[in-house]
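Here is what each chain is made of, one letter per residue.
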Amino acid sequence: MLSKWRLTLCTFLLLPLFVASQTSDEPDIFVISKEVKTNSDMLMQNAQHSDLALDIIESITTEVGPRLAGTPQEAKARKWGIAKLKALGFDNVREEPFELDLWTRGRSVYEEVVLTKPYPQPLYAISLGGAAATPEGGVEAEVVYFDSYDTLKLDNKSDLTGKIVFIGDRMTAARTGEGYGWANRKRRDAWIMAEDRGAVALFIRSVGTSTNRFAHTGMMSFPEGRRPNIPALAVSNPDADQIQRIYAEGETMSIRLKTYAGWRGKTMSGNVIGEIVGSEKPEEIVIIGGHLDSWDTATGALDDGAGVGITMAAAKLIGDLPKAPRRTIRVVLFGAEEVGLVGARAYTAARIADGTLKNHVIGSESDFGAREVWRFSSNVAEDALPAIEAIWRELAPLSIIRGNNKSGGGPDMSPLKAAGMPVARLDQNGEDYFEFHHTPNDTFDKIDPKELRQNVAAWTVFTYLAAELDVDYRKDKNKADQE
């Protein structure tokens, strides 16, 4: 009898702990309706048998080609985008123009660069975005070699007056592409240290992992509107290796260069927009897209013709359903991304001005090539995570794992995210992305059709569910409602 009483007492005392352990740590399960899941499964299958994205990428890279921000080629790309969206049956197709400062490299893609001492030979180098030109007759100077950005930053002894600064640190490849930010520091602001200490030019080892003799270009940073007064160039990795070997021998090096880069005044760019209008809540917007511009050295198949093709194709497949999803899907082909997210900032400013920012329920950009999507990450409110997990479960058959809830959403989403819009990201495999990024090697033949179809399938499922599920992804709901 006593044993039975003790057992009953123990059960009574432990029951609350047992119940708590079963309920407190288990997340809520968001259930997708049978009808919505059927549509999602059908879209995934359709996307895996569609080459629409491949056709779109082939079209822009062939019919437009290189499209540097603010140039006639980028204007041609906008006309192409408007025509393509209309042909695919998108609603409310339009252009939203904005002004920007135009920079070009001048007369030629590759500048005149020669190692004159100790072993004369040509070097393959290219001006960085925003760089100045040499004097009309060019310049020749001795090279001061720094093995890394940090070495230059910490150096306070070397006399750089009248010299050429060379920075030699190299990028490491990774699936996430995380080595890019570290390696890219020298491209962004090493020119400031070099110019302030009297250097006549800056050379950097190309940001990127290519072993081809192609130099990697890209935009520099301009704090407080300041712009360079000196040339700044990237040297192809094989030529940078050559410079490093000569430095290791203890030889004094000199380089002669002649460049024509510079700012050309004000010009126009624009964002191109097309929509699949929502069936129940058309005022609410799921925004996806890529950027329309590219660097002038290649046809921009991976950066970012792929993003343009993937998101346009995904939205088109959803638009072909008998009934549109609840919310509007807005595809934005952003202008002038490469030169400082100019189009993304203009788009965000316009949404703040017209009061529609609060209607942007979630967004994402495809801007990391065309390799397979391997991870789905997000940045949404805690109470929206069960719905995000449900979306991920629909993506899992595509061999996509769940990422964290700290996503940036993609470069052109960053101004919208900073203004409070929730974002997600379909993370692509970037282990070889920087073999081609910002070089002449970024061309259509680098697209793998099978991996591209997997991208479109992932984007179609995510976009459809984000637009169809009745979920509020916002973190600060009260603030957004008051805007």
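Shown above is the structure to which this text applies.
All values reported here derive from a predicted model rather than from experimental measurement.

### Section: the overall build of the protein chain
Each helix and strand in the protein chain was counted, giving 14 helices and 16 strands. Considering only contacts within the protein chain whose residues lie at least 6 apart along the sequence, 83% involve residues at least 24 apart. About 20400 Å² of surface is accessible on the protein chain, with carbon and sulfur atoms providing 53% of the total. One finds the centroid of the 56 positive side-chain charges in the protein chain at a distance of 1 Å from the centroid of its 68 negative side-chain charges.

### Observations regarding helix α7 (residues 185-196)
The terminal C-alpha atoms of α7 lie 17 Å apart, and with 12 residues this matches the ideal 16 Å at 1.5 Å per residue to within 8%. With nine of 12 residues buried, α7 lies mostly within the body of the structure. Listed as buried for α7 are Arg185, Lys186, Arg187, Ala190, Trp191, Ile192, Met193, Ala194 and Glu195. Against α5 (149-154), β6 (164-167), α6 (179-183) and β7 (201-205) lie the buried residues of α7. Looking one or two places after α7, you find Gly198, whose phi comes out positive at around 90°.

### Description of the sheet that holds strand β5 (residues 139-146)
With respect to topology, eight strands assemble into an open sheet ordered β3-β2-β9-β5-β6-β7-β8-β4, the strand pairing being mixed. A single partner strand is all that each edge strand has here, and the edge strands are β3 (121-122) and β4 (125-127). Strand direction decides the pairing type here: β6 and β7, joined by four bridges, are parallel. Directly across from Ile167, in β7, lies its bridge partner Ile204. Across the sheet, α7 lies against β6 and β7, angled at about 150° from β7, the strand it touches most.

### Description of the side chain of Asp303
Within the element layout of this structure, Asp303 appears in helix α9 (residues 301-319). For the buried Asp303, no salt bridge is present, and the opposite-charge side chain at shortest range is Arg67, 7.9 Å distant. In terms of polar contacts, Asp303 uses its side chain to reach the side chain of His437, at 3.4 Å. Looking at Asp303, its side chain comes within polar contact range of the side chain of His438, at 3.2 Å. Setting aside residues no more than four positions away along its own chain, Asp303 makes contact with His291, Asp293, Ser294, Glu338, Asp367, Tyr433, His437, His438 and Asp442.

### Focus on unusual backbone geometry
Glycine aside, negative phi is the norm for most residues, and most peptide bonds take the trans geometry. In this structure, Pro118 follows Lys117 across a cis peptide bond, with omega equal to 0°. With an omega of 5°, the peptide bond between Asp303 and Asp304 qualifies as cis. Relative to the elements of secondary structure, Asp304 occurs in helix α9. Phi at Glu224 is positive, roughly 55°, even though this residue is not glycine.

### Examining the environment of Leu292
Along the chain, Leu292 turns up in the loop between β11 (281-291) and α9. Since its relative accessible area comes to 1%, Leu292 is described here as buried. Ignoring any residue separated from it by four or fewer positions in sequence, one finds Leu292 in contact with Ile60, Arg67, Ala77, Arg78, Trp80, Val272, Val308, Leu333 and Phe334.

### As for the packing of aromatic side chains
A complete count under the given rule lists 11 aromatic pairs for this structure. With a centroid separation of 4.2 Å and an interplanar angle of 20°, the aromatic rings of Tyr145 and Tyr247 are classed as stacked. Placement of the pair is Tyr145 in strand β5 and Tyr247 in helix α8 (residues 237-248), with a sequence separation of 102 residues. Ring plane angle 80° and centroid distance 6.0 Å describe the contact between Phe334 and Tyr347, whose orientation is recorded as edge-to-face. One end of the pair, Phe334, is in strand β12 (residues 327-334); the other, Tyr347, is in helix α10 (residues 342-354), with 13 residues separating them in the sequence. Looking at Phe334, the relative accessible area reads 0%, which means it is buried. Of the residues examined, Tyr347 reaches a relative accessible area of 0% and is grouped as buried.

Quick notes on the rules
- Residues numbered from 1 in each chain as written.
- Predicted model: local features only at pLDDT ≥ 70, side-chain atom pairs only at ≥ 80, totals over all residues.
- Heavy atoms only, no water.
- Helix = DSSP H or I, 4+ residues; strand = E, 2+ residues; numbered from the N terminus.
- Contact = heavy atoms within 4.5 Å.
- Areas by Shrake-Rupley, 256 points an atom, 1.4 Å probe, with all protein chains shown as cover.
- Lys, Arg positive; Asp, Glu negative; His and termini not counted.
- Charge placed at Lys NZ, Arg CZ, Asp CG, Glu CD.
- Expected span 1.5 Å × (residues − 1).
- Buried < 20%, exposed > 50% of the residue type's maximum accessible area, 1.4 Å probe, protein only.
- Pairing = 2+ DSSP bridges.
- Axes fitted to C-alpha atoms, helices over the stretch in contact; angles between N-to-C directions.
- Salt bridge = Lys/Arg side-chain N within 4 Å of Asp/Glu carboxyl O.
- Polar contact = N/O pair within 3.5 Å; in protein donor to acceptor, adjacent residues only side chain to side chain.
- Phe/Tyr/Trp six-rings, centres within 6.5 Å; stacked < 30°, edge-to-face > 60°.

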